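Residue-level structural notes
Here are the chains, one letter per residue:
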Amino acid sequence: MVRGALYRFCCRCLSQSPGSHFPEGKTWPLFVKEMRLERYHTNPETNALEMLDEMLESDRETYSLAEYSRLLTRLVRCKKYDDAIKTCQRLQLNGLALDSIALSILMNCYCSINRAGYGLGVLGVILKMGHEMDVVMYSSLIRGLCGAGGLEEAKWLFAEMKRRGVRPNVVTYSSLIHGLSQAREFAESKVMLAEMKENDVSPNVITYNGFVHGLCQAGKLEEAKHLFCEMRNIGVLPNMRTYSSFIDGLCSIGNWKEAKVILCQMIINGITPNLIAYTSIFHGFCIVGQWEEAKGILRDMKIHGCLPDLVTYNSIIYGLSKAGKWDEVQDIIREMKTREISLDIFTYNIMIYGFLQRGSLDAAVSVFDLLKKKGVSPDVYSYNTMIHGHFKCGKGEQAKSLMSEMKRKGISPDVVTYNTMIHGLFHTGNVEEAKSLVCEMKRKGFLLDAVTYNTMIHGLFYAGKFEEAKAIIDEMKSKDMTVNAFNYNTIISGLLKCGDWEEAKRLVCEMKSKGISPDVATYSTMIHGLFHAGNIEEAKGLVCEMKSSGISFNVFTYNTLIHGFCNGGNWEEAKSTFFEMMEHGIPPDAITYSVLVSALIKDGKELETNQMLEFMNERGEIPATVSYDTLMHGFGMDGKSPVPKHPSTMCASL
């Protein structure tokens with residue numbers, strides 16, 4: 001405002017000076033007007049609102065609405081949407097009615113800052129004033145609505161514009177396809193793309209990018225590849241956004257090899273990867289533990305002049321801490337400090353999580369203490385991760401202390417905190433404390449989710465409180481909660497544990513009636529229960545059902561079958577199942593061998609026992625402690641020992 005007043009004072013002085021001269025053909029008012037407008041248009045740093053004040057307060061000339069619109073257009077080009085909105089508001093306060101151009105600019109500004117609701121309000125004003133909406137206005141509003149999550153309103157507006165005879169253009173279609181794809185309504189996206197082509201509106205790279213990005217985010221990589229081929233076939237060349245979407249999508253499903261191929265294709269096609277593309281693939285390598293590959297990507301980044309930012313550094317630290325490379329983490333932190341990139345809470349949380357994933361609780365505690373010393377306040381995620389880590393390492397008391405600490409510091413526990421605590425307390429046998437926390441959740445207004453109920457049901461069954469567990473199941477059903485296969489499996493396992501076989505079978509039927517297909521865990525749990533109850537034929541029937549449904553067995557399924565057959569004295573079927581397991585590429589684990597060795601010794605099959613030990617030896621398998629104990633006990637009882645009796649000697653022989 002001071003600068004504006006000084007400017008006006010100078011103008012008055014010049015106007016009163018008898019020696020004032022202006023460019024030929026320019027009157028004083030026109031000269032000042034043009035000088036003011038030029039000053040803003042040639043210098044974006046000029047404060048637009050101060051400029052507007054000068055224009056509105058001028059008593060020497062009157063500016064037309066078109067000249068104010070020039071100012072608005074300039075603001076929009078500089079992406080100063082808030083200033084443009086304030087300019088429109090000031091114009092209206094000064095009695096200037098906005099025309100259709102200014103209103104269109106105002107609507108576009110609201111849409112650009114995710115305030116599409118206000119944009120709809122401007123639409124109402126435009127229609128009320130009798131102005132016609134053109135394709136630019138409709139497209140702007142549809143884009144804004146899609147960006148703000150108002151997809152249904154965008155679809156209605158799209159239908160309305162066609163009803164009014166306004167032909168959608170490439171921007172309209174691209175905006176709507178992007179919105180539909182983000183909402184994972186891919187069938188409608190395909191319909192929209194087909195309609196676009198039928199109406200002779202050529203899709204461009206932005207159109208395809210919106211669709212491809214949505215498919216990649218949803219993990220539908222094959223469909224995205226098909227679309228990628230289609231765009232190339234019609235001469236639409238993929239750009240940085242297209243490749244980045246593919247790389248991010250492939251990395252999110254752990255397909256880092258193909259992601260690397262896409263990166264190479266990108267470079268071959270003359271597109272230098274940006275920071276987002278590099279960070280996506282780097283993070284993908286870190287997730288799957290391919291640290292050497294990740295370091296190669298980091299080198300390529302620096303060669304191409306693409307320096308890591310905080311997000312990239314966070315990915316690096318995640319990978320290193322997960323791999324237990326503490327010295328290299330320290331090197332990265334020093335590099336960040338050299339480049340004056342400060343560690344944030346997210347960086348510290350990644351380090352804590354990485355160390356806990358590796359089982360290094362002490363290192364995680366050191367980082368947690370360090371962040372507090374550095375003046376960084378732990379957030380709810382920091383505490384949740386640390387609580388989970390302590391319970392995982394059997395340190396329940398420290399986990400409880402952490403929850404008390406976060407409450408003292410004013411950090412409110414969230415549903416994840418409570419679920420982690422409840423699970424940990426049940427697992428450590430503190431049933432009453434776990435139930436008390438559930439009551440606290442309800443008191444504080446938290447809605448119990450499927451995870452909470454699942455944890456409670458499993459914990460109560462595990463603690464032998466069958467009636468309480470069944471009451472929780474009834475409560476869960478009464479709330480019409482969405483129950484998935486995992487929830488059903490927990491309940492079925494608990495029912496079998498308390499011997500309620502009929503109810504377990506009824507739940508499997510209920511699953512099927514609700515369109516929830518029983519998975520490998522469901523069948524394995526049921527088979528285990530049937531074997532335990534002595535219903536071998538019924539268990540074999542479920543095995544046939546699994547195979548006919550195309551459900552692949554896992555090591556737990558095979559172990560359950562082998563254990564069941566061995567217990568029933570069906571050695572030939574147990575042996576057949578073992579070889580089937582091998583044929584399907586499922587490696588036996590310590591439990592498999594222990595069950596087999598135990599059954600063989602129990603039946604006095606010394607020759608088969610020796611053959612099994614030789615087989616284990618050939619595969620480089622070392623018998624577990626259980627297997628040793630079984631061997632020593634079994635052969636010791638008979639006074640025979642076809643294998644060395646001392647464990648250390650046995651190891652040497654195997």
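As shown above, the structure is provided for reference.
These numbers come from a predicted model, not from an experiment.

Let's talk about the overall build of the protein
Within the protein, the secondary structure is distributed over 37 helices and zero strands. For the protein, buried positions account for 44% of its 654 residues. Taking the intrachain contacts of the protein between residues at least 6 apart in sequence as the baseline, contacts between residues at least 24 apart amount to 59%. When the accessible surface of the protein is split by element, carbon and sulfur atoms take 54% of a total near 33,100 Å².

Describing helix H5 (residues 81-93)
Between its first and last C-alpha, H5 extends 19 Å over 13 residues, near the 18 Å set by a 1.5 Å rise per residue. Buried within H5 are the following residues: Tyr81, Ala84, Ile85, Thr87, Cys88 and Leu91. The buried residues of H5 occupy an angular sector of 155° when projected down its axis, which confines them to one face.

Here we look at the environment of Trp571
Relative to the helices and strands, Trp571 is located in helix H33 (residues 571-583). Considered as a pair, Trp571 and Leu596 are 25 residues apart in the sequence and their alpha carbons are 9.0 Å apart. Not counting the four nearest positions on each side in its chain, Trp571 is found in contact with Cys566, Leu596, Leu600, Lys605 and Glu608.

With respect to the nonpolar core
Ranked by size, the top nonpolar core spans 173 residues in total, and within it Leu176, Ile422 and Ile492 carry the most contacts. Per element, the largest residue contribution to this core is eight residues, and it comes from helix H6 (residues 100-112). The residues contacting Ile492, other than those within four sequence positions of it, are Ala504, Leu507, Val508, Met511, Thr522, Thr525 and Met526.

What about the packing of helix H22 (residues 380-392) against helix H24 (residues 415-427)?
Two elements in contact, H22 and H24, have axes whose closest approach is 10 Å; the angle formed by their N-to-C orientations is 10°. Between H22 and H24, the interaxial angle falls into the category roughly parallel. Residues Val380, Asn384, Ile387, His388 and Phe391 of H22 form the contact with H24, whose participating residues are Val416, Thr417, Thr420, Met421, Gly424 and Leu425. Tallied by class, residues from the contact of H22 with H24 come to six nonpolar, five polar and no charged.

A short note on the side chain of Thr279
By the element assignment, Thr279 lies in helix H16 (residues 275-287). A polar contact is formed between the side chain of Thr279 and the backbone oxygen of Leu275, at a distance of 2.7 Å. Of note is the side chain of Thr279, whose polar atom sits 2.8 Å from the side chain of Thr312. Apart from the residues within four sequence positions on either side, Thr279 is in contact with Val311, Thr312 and Ser315.

What about unusual backbone geometry?
Its identity is not glycine, yet Arg184 carries a phi of approximately 60°, on the positive side. Summarising the element assignment, Arg184 is placed in the loop between helix H10 (170-182) and helix H11 (186-198). Even without glycine at this site, Glu340 takes up a positive phi of about 60°. With respect to the secondary-structure elements, Glu340 resides in the loop between helix H19 (326-338) and helix H20 (345-357).

With respect to the pattern of salt bridges
For the structure on display, the rule yields 31 salt bridges. Salt-bridge contacts for Lys155 lead to Glu152; the nearest nitrogen and oxygen are separated by 3.3 Å. Remark: Glu152 and Lys155 occur in helix H9 (residues 151-163); sequence separation between them is three residues, near one turn of the helix. Ionic pairing is found between Glu573 and Lys540, a salt bridge with its closest N-O pair at 3.4 Å. Pair noted here: Glu573 is in helix H33 and Lys540 is in helix H31 (residues 536-548), with a separation of 33 residues, a long-range link. With a relative accessible area of 29%, Glu573 lands in the partly exposed category. Via salt bridges that share partners, Glu152, Lys155, Glu185 and Glu188 belong to a single interconnected network.

About the cut-offs
- Residues numbered from 1 in each chain as written.
- Predicted model: local features only at pLDDT ≥ 70, side-chain atom pairs only at ≥ 80, totals over all residues.
- Heavy atoms only, no water.
- Helix = DSSP H or I, 4+ residues; strand = E, 2+ residues; numbered from the N terminus.
- Buried < 20%, exposed > 50% of the residue type's maximum accessible area, 1.4 Å probe, protein only.
- Contact = heavy atoms within 4.5 Å.
- Areas by Shrake-Rupley, 256 points an atom, 1.4 Å probe, with all protein chains shown as cover.
- Expected span 1.5 Å × (residues − 1).
- Arc of directions from axis to C-beta.
- Core = buried A, V, L, I, M, F, W, Y, C linked by side-chain atoms within 4.5 Å.
- Axes fitted to C-alpha atoms, helices over the stretch in contact; angles between N-to-C directions.
- Parallel < 35°, antiparallel > 145°, perpendicular 65-115°, else oblique.
- Nonpolar A, V, L, I, M, F, W, Y, C, P; charged D, E, K, R; others polar.
- Polar contact = N/O pair within 3.5 Å; in protein donor to acceptor, adjacent residues only side chain to side chain.
- Salt bridge = Lys/Arg side-chain N within 4 Å of Asp/Glu carboxyl O.

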